[in-house]
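Residue-level structural notes
If you want the building blocks of each chain, they are given just below.
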Amino acid sequence: MKTKKLISLLLCIAVTASAASCKKDNPKNTKESSVESSASSESTQDESSSDESSATDDSSKSDADVTVTLKLNSSWGSDGSTTYDYTVTLKNNSDAPITDWTVTVDTDDKVGSAWSCKYSSEGGRLTIQPESYNSTIEVGKTVEFGMQLIGQAVDEKTVTVSASKGAVSADVNGQGSGGNNSNNDNNGSSDGDKIASAHAKDVPEPSTDDWLSTDGSSIVDSEGNKVWLTGCNWFGYNTGTNCFDGLWACDLDASLASIADHGFNLLRIPISTELVNNWEDGEFPSANYNNATNAYLNGMNSLEIFDHVIGQCRANGIKIMVDFHCALTDSMGHMKPMWYEGSVTVDDYYRGLEWIADRYKNDDTIIAIDLENEPHGKHNESPRAKWDGSKDTDNWKYVAEQAAQKVLGKNPNLLIMVEGIEIYPKDIKSNGDFSSTNEDDYLFNWWGGNLRGVANDPVDLGKYRNKLVYSPHDYGPSVYEQPWFKGGYTYESLQKDCWYDNWFYIQDNGIAPLLIGEWGGFMTEPNLTWMTHLRKYIKENQINHTFWCFNSNSGDTGGLVKDDFTTWDTEKYNFVKEVLWQDGGKFVGLDHKIPLGENGISLDQHND
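The structure presented is a predicted model; accordingly, all values stated were derived computationally and were not measured. (Residues numbered from 1 in each chain as written. Predicted model: local features only at pLDDT ≥ 70, side-chain atom pairs only at ≥ 80, totals over all residues. Heavy atoms only, no water.)

1. Quick notes on the pattern of salt bridges
Operational definition: Any Lys or Arg side-chain nitrogen found within 4 Å of a carboxyl oxygen on Asp or Glu counts as a salt bridge. By the criteria applied, helices consist of DSSP H or I runs no shorter than four residues and strands consist of E runs no shorter than two, each listed in order from the N terminus. Residue exposure (1.4 Å probe, protein chains only): buried if accessible area is under 20% of the type maximum, exposed if over 50%, otherwise partly exposed.
One pass over the full model with this rule turns up 25 salt bridges. D106 is paired through a salt bridge with R125; the nearest N and O atoms lie 3.0 Å apart. With D106 in strand β5 (residues 98-106) and R125 in strand β8 (residues 125-129), the pair connects residues that are 19 residues apart, well separated along the chain. Looking at R125, the relative accessible area reads 38%, which means it is partly exposed. For K201, the salt bridge identified is with E598, shortest N-O distance 3.1 Å. Of the two residues, K201 sits in the loop between β11 (155-165) and β12 (213-215) while E598 sits in the loop between β26 (586-588) and β27 (600-601), which places them 397 residues apart along the sequence. According to the relative accessible area criterion, E598 is exposed, its value standing at 54%. In the salt-bridge network here, residues are joined through shared partners; they are R268, D323, D370, E419 and E518.

2. Thoughts on the confidence of the model for the protein
Test applied: pLDDT is a residue-level measure of predictor confidence that goes from 0 to 100. The contact criterion used throughout is that any non-hydrogen atoms of two residues lie within 4.5 Å.
Confidence in the prediction of the protein, expressed as mean pLDDT, is 84, and 82% of residues score 70 or more. The model gives residues 1-30 a pLDDT under 50, and that stretch makes 149 contacts with residues more than four places away or in other chains.

3. Focus: the pairing of strand β17 (residues 319-326)
Where we set the bar: Whether a crossover is right-handed depends on one test, that the path from the first strand over the helix to the second runs clockwise when the strands point away from the viewer.
The buried count for β17 comes to 8 of 8 residues, which makes it a mostly enclosed element. Between β17 and its parallel partner strand β18 (residues 366-370), the chain crosses via helix α4 (residues 346-359), and the hand of that crossover is right-handed.

4. With respect to the environment of V105
Along the chain, V105 falls in strand β5. Taking the relative accessible area as the measure of exposure, V105 reaches 9% and is therefore buried. Here the alpha-carbon distance between V105 and S121, two residues 16 residues apart in the chain, equals 9.4 Å.

5. A short note on the nonpolar core
For soluble globular proteins, the rule of thumb is that nonpolar side chains tend to be buried together. The test is simple: Within this scheme, the nonpolar core is defined by two criteria: the residues are buried Ala, Val, Leu, Ile, Met, Phe, Trp, Tyr or Cys, and they are joined through side-chain atoms within 4.5 Å.
W234, Y237, L371, W387, W396 and Y470 are the most contacted members of the largest nonpolar core, which has 133 residues in total. In terms of nonpolar packing, the next biggest core, distinct from the first, is built from 26 residues, V66, V103, V143 and F145 among them.

6. As for the side chain of H262
Short version of the rule: Under the rule applied, a polar contact is a pair of N or O atoms within 3.5 Å (in protein, one hydrogen donor and one hydrogen acceptor; residues adjacent in sequence only if both atoms are side-chain atoms).
Tracing the backbone shows H262 in the loop between α1 (252-261) and β16 (266-272). Only 2.7 Å separates the side chain of H262 from the backbone oxygen of S258, close enough to count as a polar contact. If we skip the residues at most four places from it in the chain, H262 touches W568, Y573, L580 and F587.

7. Looking at the sheet that holds strand β13 (residues 218-220)
Just so we agree on the cut-off: Two strands pair if DSSP finds at least two bridges between them.
As summarised here, the arrangement of the 3 strands in space is β12-β13-β14, forming an open sheet in which the pairing is antiparallel. Every other strand in the sheet has two partners, leaving β12 and β14 (226-227) as the edge strands with one partner each. Inspection of the sheet shows β13 paired to β14 by 2 bridges, in the antiparallel sense. Among the inter-strand pairings, I219 is bridged to a residue of β14, identified as V227.

8. Describing the packing of α4 against helix α5 (residues 396-410)
For clarity, the cut-off: Axis definition: a line fitted to C-alpha atoms, over the contacting stretch in the case of helices. Angles run 0 to 180 degrees between N-to-C directions. The sense of a crossing depends on the near helix, which, turned anticlockwise from the far helix by less than a right angle, makes the crossing left-handed and, turned clockwise, makes it right-handed. Put simply, Ala, Val, Leu, Ile, Met, Phe, Trp, Tyr, Cys and Pro go in the nonpolar bin, Asp, Glu, Lys and Arg in the charged bin, and everything else, Gly too, in the polar bin.
Where α4 meets α5, the closest approach of the two axes is 8 Å, and the angle between their N-to-C directions is 35 degrees. Crossing angle aside, the handedness with which α4 passes α5 is right-handed. In contact with Y349, Y350, L353, E354, A357 and D358 of α4, α5 contributes W396, V399, Q402, A403, K406, V407 and K410. Across the contact of α4 with α5, the residue classes break down as 8 nonpolar, 1 polar and 4 charged.

9. Considerations on the packing of aromatic side chains
Keep this limit in mind: Paired rings are identified among Phe, Tyr and Trp, the last through its six-membered ring, by centres lying within 6.5 Å, and are further divided according to the angle between planes into stacked (under 30 degrees), edge-to-face (over 60) and tilted (the rest).
The final tally for this structure, using the stated rule, is 32 aromatic pairs. Ring plane angle 65 degrees and centroid distance 6.1 Å describe the contact between F306 and Y360, whose orientation is recorded as edge-to-face. Taken as a pair, F306 in helix α3 (residues 302-316) and Y360 in the loop between α4 and β18 lie far apart in primary sequence, 54 residues in all. Taken as a pair, F306 and Y360 share a single burial class, namely buried. Ring geometry for W519 against F547: centres 5.0 Å apart, planes inclined by 90 degrees, an arrangement best described as edge-to-face. Taken together, the residues W519 in the loop between β23 (515-516) and α8 (527-541) and F547 in strand β24 (residues 544-547) connect sequence positions 28 residues apart.

10. Brief notes about the packing of helix α2 (residues 273-280) against α4
Where α2 contacts α4, the axes come no closer than 9 Å and their chain directions differ by 65 degrees. Considering how the two elements wind past one another, α2 and α4 form a crossing that is left-handed. Residues T273, V276, N277, W279 and E280 of α2 form the contact with α4, whose participating residues are D348, Y349, R351, G352, W355 and I356. When the residues that make up the contact of α2 with α4 are grouped by side-chain class, the tally is 5 nonpolar, 3 polar and 3 charged.

11. Quick look at α1
In terms of residue burial, α1 counts as a mostly covered element, since 8 of its 10 residues are buried. Listing the buried residues of α1 in full gives L252, D253, S255, L256, A257, S258, I259 and A260. Residues of α1 that are buried in the fold lie against β15 (230-233), β16 and α3. Of the residues flanking the start of α1, the one acting as N-cap is D251, its side-chain oxygen 3.0 Å from the backbone nitrogen of D253. At the exit of α1 stands G263, carrying a positive phi of roughly 95 degrees.

12. Topic: the sheet that holds β16
Reading across from one edge, β22-β19-β18-β17-β16-β15-β24-β23 is the order of the 8 strands in this open sheet, with parallel pairing throughout. Of all the strands in the sheet, just β22 (468-470) and β23 have a single pairing partner and so form its edges. Note that β15 and β24 share 3 bridges and pair parallel. Looking at β24, one finds that C232 is bridged to F547. Seen against the sheet, α4 touches β17 and β18 and runs at an angle of roughly 165 degrees to β17.

13. Thoughts on unusual backbone geometry
The amide bond that connects E525 to the next residue, P526, takes the cis arrangement and shows omega of 15 degrees. Looking at the secondary structure, you find P526 in the loop between β23 and α8. Cis geometry is found at the peptide bond from W548 to C549, where omega equals 0 degrees. Relative to the elements of secondary structure, C549 occurs in the loop between β24 and α9 (570-577). Phi at F434 takes a positive value of approximately 65 degrees, unusual for a residue other than glycine. Relative to the helices and strands, F434 resides in the loop between α6 (428-431) and β21 (442-444). Taking the relative accessible area as the measure of exposure, F434 reaches 2% and is therefore buried.

14. Examining the side chain of S258
Inspection of the secondary structure assignment puts S258 in helix α1. Look at S258 and you get buried, because its relative accessible area is 17%. Of the polar contacts made by the side chain of S258, one reaches the side chain of W568; its length is 2.7 Å.

Shown next, in the form of structure tokens:
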């Protein structure tokens, strides 16, 4: 029997934020978020600079039961309006779960988007309530939600939090029903019998006959047959969840099987360098999941859960690309421009890559490593990533070569994905070293999407050149209205104004294959027309890709599944299905022996 206690907290939060102009190159802002840590999404860009605030402002106040923190992640403005990107964190400091919380904010601001919450606005009051999966805050735990507010910064406004407080209820581990597991960093030891998964498949032994390589503009299997990598992303190992986001609602094994059954033959898994370093050092940050729904994970540490994921992907015929998404474990980490940050050094970055490559060198379930997600930075920012022929520490092209050699020194069979940067000089002769701070001297694109430098300074992997794949990212006007979207656009204008010169020339000229590591968005205008055109481009040229994303809590794109992380968005899935590798109505996997899910075939079956 639960007893009710009303928690009322009046919190005056002074947040200083400049109404800075982002002009043409502001962040994607909400692409990643999670219950434990929500995120604003990455990417920015085009042909102008931004004065957006790179600093974050945190305001918080605590009482005996709950701590509330409001964090300003970034702000940007154009056409007389300013958007403020906030993360709000509620922490339960009491001795019992907090349930059915509500947050109200006195503001006339319009909500641009929100994630991990529901909201309504009336009469100058914004009312925010949880989704079903984060309505309970377990003892000592936090929930987060995020919002983009258009109007004025929240400045000395009153935030009210109310909730119910009840007695702890027991589950299979006695840790509280339905909550996130905080007691699983015990190197796999557990008392009592293991709980079997109802959806797990028997895991075959690892194989080593499915390694891929490149041939001109194609990716080929071990027998030289062309393959088509058509996958999706599922984030969480980068955000602080330390496993996939959504496991607070869905069953891990069932979800992986469903991804395979829906025909995605590659899973791009964003991860932080810090988490990989933790694992290498024998430290296992807690994986946050619903330990009733995923009871079979109880007793595993976060690395063992990762290994479990690899086993179930193998059993379902899914291959994996590990994406080093950010340096620090942080839902905002993808916003940082470099492959290092704070306590995570360049050497830490290199050793993380080497450790992953070495640990799984005898298992071709992991077939590729994306060396770094979206290196970026503008002409007037420091640090920022550049691309030239130097050995400078901020030269992403050179660092990527060094990183690739270290990876391939441990496992020479892996595909190496190299993303682009943000800016590239218009005139190499006068500004080839990126020394100019004048925005007019540069060509801009999405973070990770500018691969113009390959034409002048291609990545050199020496004897491993047949392992190189370039991996741009591309998004639509719902993420940001780039110059090539303004005034209307067509399939032909997108090729001319963005796609060809930034990255497609690489495949068209046979320099190397491409894999678009991120693309996607909402099935509404102004995004749908762009997404339809890019799908056509992918299909006509059979470009490899991983769709962003499986997660429902991707703020400015949405997901392949809805808020319960179980129900598929059939409209979006049927749209993406058009560019999944199929043969005779069956999805084609990348494993020679194991079919892709229940509706697919293996490579051997396809090649026969």
